[in-house]
Amino acid sequence: MVRYIMRRVFYMLITLFIIATFSFFLMKLMPGSPLSAEDKLSEEQKQIVLEKYGLDEPVPVQYIKYLGGLVQGDLGISFHFDNTPVSKILMDRLGPSLQLGAQSLIFGSLLGILLGLVAAVFHNGALDYTSTIVAVLGTSIPSFVFAGLLQWVFAVELGWFPVALWGSFEHTVLPTIALMIYPMATAARFTRTEMIEVMGSNYITTARAKGLKESEIVFKHGLRNSLIPLITVMGPMAVGLMTGTLVIEQIFAVPGIGEQFVTSIMINDYPTIMGTTLLFSIMFVVIILIIDLLYVVIDPRIRLTGGES
Amino acid sequence: MSKLLEVKDLKVSFNTFNGEVQAVRGVSFDLNKGETIAIVGESGSGKSVTSNAIMQLLPKPHGYVKGGEILFEGEDLVKKSTSEMRKIRGKDISMVFQDPMTSLNPTMKIGTQIMEGLIKHQKMSKEHAKKRAIELLDLVGIPQPEVRMKQYPHQFSGGMRQRVVVAISLACNPKILIADEPTTALDVTIQAQILELMKDIQKKTESAIIFITHDLGVVANVADRVAVMYAGKVVEIGTTDDIFYNPKHPYTWGLLGSMPTLDSAEEELFAIPGSPPDMTNPPQGDAFAARNKFALEIDKVMEPPMFKVSDTHYAATWLLHEDAPKIEPPASVQLRMQGFANTGNKVGDQ
Amino acid sequence: MAEKEKYNSQDVPKDLLVPVKESEKDSERISGPSRTFLQDARRTFLKNKIAMLSVFVLLVIVLFSIIGPGMNEHGLDDQDLTRAKMPPRVAALENISWLGFDGTLSDEFEGNDVEQATQKAVQRYDNNEDFVDVEVLTEGDGSRNSAEVKATYHIYEAKDMQDEYFWLGTDTLGRDQWTRIWLGTRVSLAIGVIAALIDLVIGVAYGGISAFYGGRVDSVMQRIIEVLIGIPNLVIIILMILVLQPGMLSIIIALTITGWIGMARIVRGEVLKLKNQEFVLAARTLGTSNGKIILKHLVPNISGIIIITTMFTIPGAIFFEAFLSFIGIGIVPPDASLGTLINTGFENLRLYPYLLVYPAILISVIMIGFNLIADGLRDAFDPKMHK
């Protein structure tokens, strides 16, 4: 187990190193620098600006310094918000994004599991069809289309929730719903398929032959076995959420990482783009690692045979 | 001996996209207290469906009992409600399934799986149920039961898992134990162990056993009586001696004849040609006629009734009609029958 | 054993108690025609009504993306600010007002009294009082915003363009939305299909080679995948787009740069599974060449999962293109894609909702269609679903 984690962490670090390197050199290829907006500067002033960002040194030296900074958690200084370190910009904006992400992941998967469960238990009934339709729509309709619809109906027309911005819990409702549709639909689909398969398996017949109640069979024997594989789709779900935050935060003007990312792309703020990229990557690899470990912990078949799958 | 279970003219059908499949078409047999009856037949002959019908565990909504009665201690199980049936399942009638690899919940500890039924039916406390579960594991011959209780199915071998399944089915001292091909998926040596175990346990608990199998070799070893099924019907029923020493139905001849024995090296195996009929559209007359070397013209138009051979022995073949041509079993089968008698392969006890 | 008594020996036709002649036996007869797996899969798919409906709808959309832009005389980039933001107007449907194709703008206005509300409405509608119909909803009592009127602005008449028909209206630069939507659909579909095909080729080759050769080759190729899989595709796509010239080609490159990994893993898994199955071993034993094994045994058996994966990739790619265009780094103007159209629609959501509604519906229908077809195919290739 320890060896397994070590190996995984090692790969994680390689991946992150590659992303950091890749994004560093890509950004070097990019047109534009902190100077382009300030054309009228004298040579001396330009020199000062370049020095401030460490751009006066040769690229390899810049690269080494960049990596050195990364190890200490220094992501450089933003081109635009003068003297603000990128890490500070990101830390300031992490809160809303994490809150949105957590809320939509939790509500989305719980609701999805419930939908999938209901669909499987009432297989081929009206509830099954309804939940299947919800799942297909949820995985198909782009989140930004859905967000627009929510904003239009519940904020503009009905005025039940604020149209945009951040502050109270009410502000989080619409963006959370818009974000949670995808995890919900994915969980519903997956739970339904797994549950139908599990409920047809022999050990469910064994449980029936013991004289257990149908509800006991569903919850004690069926659900647990259906949910274990659900962990595997949590990775794609997390990616979906990250992609979602970019547009959802923009639509609802949420001051989070995603909105920041889109803005920095628009204004060519390279240090911030690189910092955000790295942050997304770290979150992603950590989530994937947690998911894999969770799988090992939860499924007794894997835990005790040492990675049989 | 009082009748514990009486199955009367049981008919079970399945609705499929190709129409109604008549899996069981009027099966009758009975079971006495402490007795072992074996139901023998090819796959698709309806033997497992019969047992599932007794448990009222037919796959819903496709499978249903179309007619007949299943009287358990005089009460018709077909008419029982789901909740009434739940009180019988696992308590009075329990079941051992064919595939030990898949019939245990992979993510639940063995102990919990055994205790479930005890807590449910006997209203035992957790502590008490745990003690009883350990006893049961000990009874079915699993060493270190305290340790094994806390393990998961994948930590057990196939034979050990089947012992666990047997332990689960025995938990509440059932009056009837239905064993649906309990040894088919196991190695031969393990098969013998499980059979021994079941015989042993029967002596201790006095449960009646319905033993479903396609293996006549197993039958000789465990059963008091045998019912041979073909195409959803019982074609011959009798004591084990009747079936092995004096079989009357050509299908039984076929089953006996296709069973290799130690001294069968020089003999020719008597194989049954073809495959069982399509049960969406059962043939008119005797369903076995098409594969029967000894078929009579009447088999094509009229179904044979159960002819009485002796008080314990009945067979459904026109060959037993007084006016039918006298046909003896094929030489190889006769030899086999003699073999059984000579080697003193006495049935039922060993 | 109840029957034994019922039988009455009188009823038995005794003349039939004679053995059957050998020749009449037909025990070895096979019932029903035999079908190959692919025939079964096709049959199941064709019987799937939802999937067939999706195929039909998508075919119609593809057809319109080809002929749609040519159906009127407006071009992709015919900018003309004098006719900007014209509402949808369709000749045959313009008299059925609730459909929204009558070429009018309408909204509700509030004021302290009817006059003030009317004034607001007229102001809003280019001060063209002659062409604004006002319907009073609430008279009002003089207090703040107590009166309400519904104003309908006949903008085509006001602009003296009675003969013009913009079926889905015009955008903020006066370009015909119908033409742009179908051209945008064309771009979106093309990106989706091309990206999926590239993923397919790279993924199948990579996964196939990795699994078929195994050993060290597989080990190295898998380590590479293990590193790549850790990179979130969102990050890599955005970085690539930033570096490359924005446009269709860059989007395709960005989407495929990591997109093939999923396919490669699936193909590898399937080939590994098949490689050790008895029928392949049997073919090996019989001395069949590698090439023949791949062609005769592996390809047919994994084609199902490849087709299904590709069908799921297409809507994924279409979504990502729309997503990139939506955040402003995808297709560049004057070219359009469904993503850019939705983006423009968002900017004008409150006043001109029709700019958002049609592209949003279209992209949703396309995504749903592809997903349903993929679902249908998955069922069709699942032997359990064959009836």
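Residues numbered from 1 in each chain as written. Chains lettered and ligands numbered in written order. Predicted model: local features only at pLDDT ≥ 70, side-chain atom pairs only at ≥ 80, totals over all residues. Heavy atoms only, no water.

1. Some words on the UniProt feature "transmembrane region" (unreviewed entry) in chain A
- Summarizing the sequence annotation, UniProt attributes the feature "transmembrane region" (unreviewed entry) to residues 9-27, 100-122, 134-154, 160-182, 227-253 and 273-298 of chain A in the numbering used throughout.
- The span residues 9-27 of chain A is 100% helical and 0% strand by assignment, and the distance between its end C-alpha atoms comes to 27 Å. (UniProt positions renumbered as here; feature names shortened; annotations may be inferred. Helix = DSSP H or I, 4+ residues; strand = E, 2+ residues; numbered from the N terminus.)

2. Considering the nonpolar core
- With 106 residues, the main nonpolar core has A:Phe144, A:Leu246, C:Ile238, C:Phe323, C:Leu324, C:Ile327 and C:Ile366 as its most contacted residues.
- What C:Ile366 contacts, discounting residues up to four positions off in sequence, is C:Leu58, C:Ile61, C:Thr185, C:Leu189, C:Ile318 and C:Leu338. (Core = buried A, V, L, I, M, F, W, Y, C linked by side-chain atoms within 4.5 Å. Buried < 20%, exposed > 50% of the residue type's maximum accessible area, 1.4 Å probe, protein only. Contact = heavy atoms within 4.5 Å.)

3. Examining helix H6 (residues 143-157) of chain A
- Taking 1.5 Å per residue, 15 residues should reach 21 Å; H6(A) reaches 20 Å between its end C-alpha atoms and fits that length.
- Bending of H6(A) peaks at approximately 25° at the position of A:Gln151.
- Of all the positions in H6(A), only A:Ser143, A:Phe144, A:Val145, A:Ala147, A:Gly148, A:Leu150, A:Gln151 and A:Ala155 are classed as buried.
- Packed against the buried residues of H6(A) are helix H7 (169-199) and helix H10 (234-251) of chain A together with helix H11 (290-326), helix H12 (338-347) and helix H13 (354-380) of chain C.
- One or two steps after H6(A), the chain reaches A:Gly159, where phi turns positive at roughly 65°. (Expected span 1.5 Å × (residues − 1). Bend = angle between axes of the 7 residues up to and from the residue.)

4. Some details on the sheet that holds strand S11 (residues 307-308) of chain B
Residue and element names in this part refer to chain B.
- Across the sheet, which stays open at both edges, the eight strands sit in the order S6-S7-S8-S3-S9-S10-S12-S11 with mixed pairing between neighbours. Each edge of the open sheet is held by one strand with a lone partner, namely strand S6 (93-96) and S11.
- Bridge count between S11 and strand S12 (residues 314-315): two bridges; the pairing is antiparallel. Its bridge partner being in S12, Phe-307 is matched across the sheet by Ala-315.
- Packing of helix H7 (residues 188-205) onto the sheet brings it into contact with strand S3 (36-40), strand S7 (176-180) and strand S8 (208-213), and relative to S8 it is tilted by some 160°.
- Along the sheet face, helix H10 (residues 250-257) touches S3, strand S9 (225-230) and strand S10 (233-239) and points at about 105° away from the line of S9. (Pairing = 2+ DSSP bridges. Axes fitted to C-alpha atoms, helices over the stretch in contact; angles between N-to-C directions.)

5. Some details on a positive patch on the surface
- A cluster of basic side chains, namely A:Lys213, B:Lys87, B:Lys91 and B:Lys123, defines a positive patch on the protein surface.
- Structurally, B:Lys87 is set in helix H2 (residues 82-88).
- The exposure class of B:Lys87 is exposed, given its relative accessible area of 57%. (Patch = residues over 30% accessible without salt bridge, like charges linked within 9 Å, V, L, I, M, F, W, Y side chains within 5 Å. Areas by Shrake-Rupley, 256 points an atom, 1.4 Å probe, with all protein chains shown as cover. Salt bridge = Lys/Arg side-chain N within 4 Å of Asp/Glu carboxyl O. Lys, Arg positive; Asp, Glu negative; His and termini not counted. Charge placed at Lys NZ, Arg CZ, Asp CG, Glu CD.)

6. A short note on the packing of aromatic side chains
- The full count for this structure, using the stated rule, is 18 aromatic pairs over all chains.
- Judged by centre distance (5.7 Å) and plane angle (65°), the ring pair of A:Phe261 and A:Phe280 falls under edge-to-face. Here A:Phe261, found in helix H11 (residues 257-266), pairs with A:Phe280, found in helix H12 (residues 270-298); they are 19 residues apart in sequence, far enough to count as distant.
- Where C:Phe319 meets C:Phe320, the ring centres are 6.1 Å apart and the plane angle is 75°; that geometry is what we call edge-to-face.
- Following the ring pairs from residue to residue traces out a cluster consisting of A:Phe144, C:Phe319, C:Phe320, C:Phe323 and C:Phe326.
- Lying across the ring of B:Phe156, B:Arg148 places its NZ or CZ 4.2 Å from the centre. (Phe/Tyr/Trp six-rings, centres within 6.5 Å; stacked < 30°, edge-to-face > 60°. Lys NZ or Arg CZ within 6 Å of the ring centre and 35° of its normal.)

7. A few points about the UniProt feature "domain: ABC transmembrane type-1" (unreviewed entry) in chain A
- Taking the UniProt record as the reference, the feature "domain: ABC transmembrane type-1" (unreviewed entry) is found at residues 94-295 of chain A.
- Here residues 94-295 of chain A is 83% helix and 0% strand, with 27 Å between the C-alpha atoms at its ends.

8. Some words on the environment of A:Ile181
Residue and element names in this part refer to chain A.
- Looking at where Ile-181 falls in the secondary structure, it is placed in helix H7.
- As a C-alpha pair, Ile-181 and Gln-72 span 109 residues in sequence and 37 Å in three-dimensional space.
- Those residues in contact with Ile-181, other than ones at most four positions away along the chain, are Gly-138 and Phe-146.

9. As for the environment of B:Asp224
Residues and elements named next belong to chain B.
- Relative to the helices and strands, Asp-224 is located in the loop between helix H8 (216-222) and S9.
- C-alpha of Asp-224 to C-alpha of Glu-127: the two residues are 97 residues apart in sequence and 38 Å apart in space.
- Excluding its chain neighbours within four sequence positions, the residues that come into contact with Asp-224 are Gly-34, Glu-35, Thr-36, Thr-239 and Thr-240.
- Here Thr-36 takes part through its backbone nitrogen, which lies 2.8 Å from a polar atom of the side chain of Asp-224. (Polar contact = N/O pair within 3.5 Å; in protein donor to acceptor, adjacent residues only side chain to side chain.)

10. Considering the interface of chain C and chain A
- Every contact between the two is made by 37 residues of chain C and, on the other side, 44 residues of chain A.
- For the chain C and chain A pair, buried surface summed over both sides reaches about 3500 Å², with 80% attributable to carbon and sulfur atoms.
- When the buried surface of chain C facing chain A is broken down by residue, C:Val227, C:Leu239 and C:Leu242 rank first, second and third, together holding 15% of it.
- At the junction of chain C and chain A, the tally comes to one salt bridge.
- Here A:Arg189 makes a salt bridge to C:Asp375, at a shortest N to O gap of 2.5 Å.
- Along the contact surface separating chain C from chain A lie three residue pairs in polar contact (both at pLDDT 80 or more).
- Looking at the side of chain C that touches chain A, the elements that each hand over two or more residues are helix H7 (215-228), helix H8 (233-243), H11, H12 and H13 of chain C.
- Taken together, the residues of the side of chain C that touches chain A sort by class into 27 nonpolar, five polar and five charged. (Buried area = accessible area lost by both parts, 1.4 Å probe. Nonpolar A, V, L, I, M, F, W, Y, C, P; charged D, E, K, R; others polar.)

11. So, the side chain of C:Glu321
Residues and elements named next belong to chain C.
- On the secondary structure map, Glu-321 appears in helix H11.
- At 11 Å, Arg-180 is the nearest oppositely charged side chain to Glu-321, a buried residue that forms no salt bridge.
- At 3.2 Å, the side chain of Glu-321 forms a polar contact with the side chain of Ser-188.

12. As for the environment of C:Glu270
All names here are of chain C.
- With respect to the element layout, Glu-270 can be found in helix H9 (residues 248-275).
- For Glu-270, a relative accessible area of 18% puts it in the buried group.
- Sequence separation between Glu-270 and Leu-298 is 28 residues; the distance between their C-alpha atoms is 8.8 Å.
- Filtering out sequence-adjacent residues up to four positions away, Glu-270 remains in contact with Ile-302 and Ile-305.

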